[in-house]
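So you can see what is in the structure, the chains are spelled out below.
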Amino acid sequence: MEVLDPRWCEPAPPSALEDAVRGRAIERFGRRGKYLILSLEDDVHLAMHLRMTGNLLLAHAPDPDPPYLRVRFVLGPDGAKEMLFTDVRRFGTGTVLLGSDALAEFFASRLGVEPLSPDFTAEALRALARGRRAPVKAFLLTQERIAGVGNIYADEALWRARIHPLRPVGSLKRAQIEALREGVVEALAEGIDAKGASIDDFRHADGARGSFQDRFLVHMREGEPCTRCGTTITKLRAAGRGTYICPNCQRRPRLRRSA
Ligand SMILES: [Zn+2]
């Protein structure tokens with residue numbers, strides 16, 4: 001492992017990561033929320049986050065280095081293959097965690113329930129939402145509550161569930177909670193099936209683009225008709241993010257000025 005950009009692993013020095021990773025076999029490649037986890041022998045783990053523009057690419061030794069290369073992993077005894085972390089904007093990160101306890105502790109404070117796990121039930125979602133006045137979109141984006149839902153997926157899930165993004169999450173009825181749970185799971189499943197969205201930078205290990213952007217039901221479809229009712233999709237801001245809705249399917253909550 002060679003960390004070419006020290007910002008990637010701040011505050012740890014590149015040598016700390018390189019020493020921990022170098023020479024250790026990869027036992028498992030996992031994911032938790034938006035983190036990718038390289039688990040190595042001797043219970044050493046490397047948690048990586050692509051953030052806005054990071055990519056993890058596989059390359060073969062004679063290939064020229066791609067632009068914006070930040071970290072290089074040389075794989076196998078012959079060094080014929082490389083795994084490359086590229087990142088235009090440099091928000092991507094890498095953290096070494098020594099031992100399963102350290103790994104669990106790292107995620108305990110950062111990530112909530114996995115939406116694709118059996119733990120993500122309507123009951124669990126209802127318990128998380130109970131009493132909260134946060135707008136449902138902001139709630140969905142909070143990684144400490146539900147792990148891994150980003151801006152695109154929140155929009156798609158809310159449209160599927162026919163819920164306005166500014167609705168206080170604690171005010172959702174039982175049937176809406178169940179619809180939201182299904183919406184989140186279906187939006188994520190659709191995104192995975194399409195191999196992700198490549199609006200700007202995201203690429204697969206082989207450099208291929210995802211095609212989820214061609215299947216969006218509401219996200220980035222401002223001015224186009226809703227596929228369910230024909231109403232024109234509009235854009236607003238929620239949780240500080242560009243947010244797309246069908247104003248007919250997703251009715252705005254009534255404002256209570258007294259509060
Ligand atoms: Zn509609």
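To be clear, the structure that these remarks concern was listed above.
Residues numbered from 1 in each chain as written. Predicted model: local features only at pLDDT ≥ 70, side-chain atom pairs only at ≥ 80, totals over all residues. Heavy atoms only, no water.

## Overview of the environment of T93
Right, so step 1: Tracing the backbone through its elements, the reader meets T93 in strand β8 (residues 93-98).
Right, so step 2: When the C-alpha positions of T93 and A47 are compared, they lie 8.1 Å apart, and in sequence the two are 46 residues distant. (Helix = DSSP H or I, 4+ residues; strand = E, 2+ residues; numbered from the N terminus.)

## A short note on the coordination of the zinc ion
Right, so step 1: The zinc ion binds to the protein through C226 (SG), C229 (SG), C246 (SG) and C249 (SG), with metal-donor distances spanning 2.2 to 2.4 Å.
Right, so step 2: Around the zinc ion sit four donor atoms; with metal-centred angles ranging over 99 to 115°, the donor geometry is tetrahedral.
Right, so step 3: On the primary sequence, the residues serving as donors to the zinc ion are separated as C-x2-C-x16-C-x2-C.
Right, so step 4: The exposure class of C246 is buried, given its relative accessible area of 0%. (Donors = N, O, S within 2.8 Å, 3.2 Å for Na, K, Ca; no water. Tetrahedral: all angles 85-135°; square planar, octahedral: opposite > 155°, others 65-115°. Buried < 20%, exposed > 50% of the residue type's maximum accessible area, 1.4 Å probe, protein only.)

## Structural notes on the sheet that holds strand β2 (residues 26-32)
Right, so step 1: Across the sheet, four strands lie side by side as β2-β3-β4-β8; this open sheet has antiparallel pairing. What marks the edges here is a single partner per strand, and that holds for β2 and β8. Each neighbouring strand pair of the sheet contributes to a mean axis angle of 20°, computed without reference to strand direction.
Right, so step 2: For β2 and strand β3 (residues 35-40), the ladder comprises six bridges, and the chain directions are antiparallel. Counted as the bridge partner of R28 is S39 from β3. (Pairing = 2+ DSSP bridges. Axes fitted to C-alpha atoms, helices over the stretch in contact; angles between N-to-C directions.)

## Quick word on a negative patch on the surface
Right, so step 1: A surface patch of negative charge is lined by E27, D43, D101 and E105.
Right, so step 2: Of note, E27 is situated in strand β2.
Right, so step 3: We classify E27 as exposed; its relative accessible area is 59%. (Patch = residues over 30% accessible without salt bridge, like charges linked within 9 Å, V, L, I, M, F, W, Y side chains within 5 Å. Areas by Shrake-Rupley, 256 points an atom, 1.4 Å probe, with all protein chains shown as cover. Salt bridge = Lys/Arg side-chain N within 4 Å of Asp/Glu carboxyl O. Lys, Arg positive; Asp, Glu negative; His and termini not counted. Charge placed at Lys NZ, Arg CZ, Asp CG, Glu CD.)

## Considering the nonpolar core
Right, so step 1: With 28 residues, the main nonpolar core has V136, L140, I146, L180 and V184 as its most contacted residues.
Right, so step 2: Listed by contribution, the elements that provide at least two residues to this core are α3 (122-129), α4 (136-141), α5 (151-161) and α6 (174-193).
Right, so step 3: Counting residues per element, this core draws most heavily on α5, at six residues.
Right, so step 4: Setting aside anything within four residues of it in sequence, one finds L180 in contact with L125, V136, L140, L158, A161, I163 and L172.
Right, so step 5: Counting 18 residues, the second largest nonpolar core, distinct from the first, contains C9, L17, L46 and V71. (Core = buried A, V, L, I, M, F, W, Y, C linked by side-chain atoms within 4.5 Å. Contact = heavy atoms within 4.5 Å.)

## Here's the deal with the layout of surface pockets
Empty space left among the atoms is revealed by rolling a probe the size of a water molecule over them.
Right, so step 1: Looking at the largest pocket, its volume works out to about 1,700 Å³.
Right, so step 2: The wall of the largest pocket is formed by 43 residues, among which K34, L50, Y153, A197 and F202 lie closest to the centre.
Right, so step 3: Residue assignment for the lining of the largest pocket shows that the elements contributing at least two residues are β2, β5 (54-60), α5 and α6.
Right, so step 4: When residues of the lining of the largest pocket are assigned to their parent elements, the largest contribution, four residues, is made by β5.
Right, so step 5: Tallied by class, the residues present in the lining of the largest pocket amount to 22 nonpolar, twelve polar and nine charged. (1 Å grid on protein atoms, 1.4 Å probe; cavity = no way out; pocket = protein on both sides within 12 Å on 5 of 7 lines; lining within 4 Å. Points joined across faces, edges and corners; volume = space filled by probe spheres on them. Nonpolar A, V, L, I, M, F, W, Y, C, P; charged D, E, K, R; others polar.)

## Some points on helix α1 (residues 14-21)
An α-helical turn contains 3.6 residues, so a residue and the one three or four places further along point in the same direction.
Right, so step 1: Along α1, the positions that sit buried rather than exposed are L17, E18, A20 and V21. Taken down its axis, α1 places every buried residue within 165° of arc, on the same side.
Right, so step 2: Each element contacted by the buried residues of α1 is listed here: β1 (2-3), β3, β4 (44-49), β6 (69-75) and β8.
Right, so step 3: Where α1 ends, the next residue or the one after it, G23, has phi of about 85°, a positive value. (Arc of directions from axis to C-beta.)

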